[in-house]
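Residue-level structure breakdown
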Amino acid sequence: MSALEEGARHALLEGRHGEPHQVLGAHAHDVAGRSGVVIRVFQPEAADAYVVRDGIATAMREEGDGFFSVFFAGLKLPFRYSYRFIAHDGHAWERGDPYRHESTVGEMDLYLFNEGTHRRLWSMLGAHLRTVEGDEGATFTLWAPNAERVSVVEEHTP
């Protein structure tokens, strides 16, 4: 499996990667002539990481700086999976992968946006609660061509 490219690694670590979805999550990949899927995650608090599919946990390879990856030969996209992480102190937690899903912005939205004729930008841009492939959450789409960095902060109210 190919190692994480150093430019992408540094951009992700510095929070300035323009399209992290191209690096993180599941992607079709070939290793030594075998097709399959590589899954990569960034979780700096973890000492170990696993991909959980159908109740089976598969260990991921540690790549340094909080990056982990695993290759599944013969697997095809899409499929459901989650992560299990173990911290250095032994604490374990699980979570889904926000990079598992395709973009919720459709081709027609992009076409109309680029053409300057999109009449419902509010439905495309901003934060929206959604259920995607059975996963409940929020999507966030922003157009900020001169931004150097964007952060989304989840607010919890008691």
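Residues numbered from 1 in each chain as written. Predicted model: local features only at pLDDT ≥ 70, side-chain atom pairs only at ≥ 80, totals over all residues. Heavy atoms only, no water.

On to the pattern of salt bridges. Considering all chains together, one arrives at nine salt bridges under this definition. The shortest N-O distance in the salt bridge between Arg100 and Asp135 comes to 2.4 Å. Of the two residues, Arg100 is situated in the loop between strand S8 (92-95) and helix H2 (107-115) and Asp135 in strand S10 (residues 135-141); the sequence distance between them amounts to 35 residues. Each of Arg80, Arg100, Glu133 and Asp135 takes part in salt bridges that share partners, so that together they form one network. (Salt bridge = Lys/Arg side-chain N within 4 Å of Asp/Glu carboxyl O. Helix = DSSP H or I, 4+ residues; strand = E, 2+ residues; numbered from the N terminus.)

Next up on the list: the packing of aromatic side chains. Going through the model one piece at a time under the given rule, you end up with six aromatic pairs. Centre to centre, the rings of Phe79 and Tyr81 are 5.5 Å apart; their planes meet at 45 degrees, and the pair counts as tilted. Across the pair, exposure class does not vary: Phe79 and Tyr81 are buried alike. Here the aromatic residues Phe79, Tyr81, Tyr83, Phe85 and Trp93 are joined through ring pairs into a cluster of three or more. The ring of Phe72 has Arg53 sitting right over it, with the charged end atom 4.7 Å from the ring centre. (Phe/Tyr/Trp six-rings, centres within 6.5 Å; stacked < 30°, edge-to-face > 60°. Buried < 20%, exposed > 50% of the residue type's maximum accessible area, 1.4 Å probe, protein only. Lys NZ or Arg CZ within 6 Å of the ring centre and 35° of its normal.)

Our next topic: helix H1 (residues 6-13). One full turn of an α-helix is made of 3.6 residues, so residues set three or four places apart face in the same direction. By the burial criterion, the buried members of H1 are Ala8, Arg9, Ala11 and Leu12. Lining the buried residues of H1 we find strand S5 (61-64) and strand S6 (67-73). N-capping of H1 is provided by Glu5, with a side-chain oxygen placed 3.0 Å from the backbone N of Gly7. Gly15 sits one or two positions beyond H1 and adopts a positive phi of about 70 degrees. (Contact = heavy atoms within 4.5 Å. Polar contact = N/O pair within 3.5 Å; in protein donor to acceptor, adjacent residues only side chain to side chain.)

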